[in-house]
Amino acid sequence: MLLLILMGKATFAQFTISGKFRSFGVVNVQLSNLDGKIIYNKDVNSGVAFASPTIDFTPDYYKLKIANSEMLIFLENKPFQIKGFVDQKNTANSIFQFEGAPFFDLLDKAESNW
């Protein structure tokens, strides 16, 4: 760990996750690291806004699960917002809009943290 700190790789940051969904029922939002450690877990009612407390983390890839939809995102030191429609029975009908997490150029983000 000391070696990583000296090399500048162990960067810690803070962020919040917030959003609002329309759905046919309660939606579970879960964020975990690549090792499976759950960082945030919340059941959200349709049409009700949610927000996490400030979360300490290391900028990196994370798994975001919204109901039955899973995606890989890269989180940085800024707020992250999610909006959309969630269809728990047919994930192809789910639509999400994200602000604050880059989904493009993920390889560039990864390489800059190696």
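Quick caveat, the model's predicted, so the values are computed rather than measured.

Trainee: If you had to explain the sheet that holds strand β9 (residues 80-86) to someone new, which residues and values would you point to?
Mentor: With mixed pairing, the four strands of this open sheet are ordered in space as β5-β2-β9-β10. Single-partner strands in this sheet number two, and they are β5 (50-51) and β10 (95-99). Bridging between strand β2 (residues 17-23) and β9 involves seven bridges; their strand directions are parallel. Of the residues in β9, the one forming a bridge with R22 is F85.

Trainee: For the sheet that holds strand β8 (residues 69-75), give the residues involved together with the corresponding values.
Mentor: Sheet architecture is open: four strands sit in the order β4-β3-β7-β8, paired in antiparallel fashion. The strands lining the two open edges of the sheet, one partner per strand, are β4 (38-44) and β8. Neighbouring strand axes in the sheet, compared pairwise and without regard to direction, differ in orientation by 15 degrees on average. Sheet topology note: the strand β7 (residues 60-66)/β8 ladder contains seven bridges and is antiparallel. Residue pairing in the sheet places Y62 in a bridge with I73 of β8.

Trainee: Explain the packing of aromatic side chains to me, and be specific about the residues and the numbers.
Mentor: Throughout the structure, instances matching the rule amount to eight aromatic pairs. Ring geometry for F21 versus F50: centroids 5.8 Å apart, planes at 20 degrees, classification stacked. With F21 in strand β2 and F50 in strand β5, the pair connects residues that are 29 residues apart, well separated along the chain. Ring plane angle 0 degrees and centroid distance 5.9 Å describe the contact between F80 and F98, whose orientation is recorded as stacked. Here F98 lies in strand β10 and F80 lies in strand β9, a separation of 18 residues in the sequence. Classification of F80 by relative accessible area gives buried; the value is 1%. Judged by relative accessible area, which is 22%, F98 ranks as partly exposed.

Criteria and cut-off values
- Residues numbered from 1 in each chain as written.
- Predicted model: local features only at pLDDT ≥ 70, side-chain atom pairs only at ≥ 80, totals over all residues.
- Heavy atoms only, no water.
- Pairing = 2+ DSSP bridges.
- Helix = DSSP H or I, 4+ residues; strand = E, 2+ residues; numbered from the N terminus.
- Axes fitted to C-alpha atoms, helices over the stretch in contact; angles between N-to-C directions.
- Phe/Tyr/Trp six-rings, centres within 6.5 Å; stacked < 30°, edge-to-face > 60°.
- Buried < 20%, exposed > 50% of the residue type's maximum accessible area, 1.4 Å probe, protein only.

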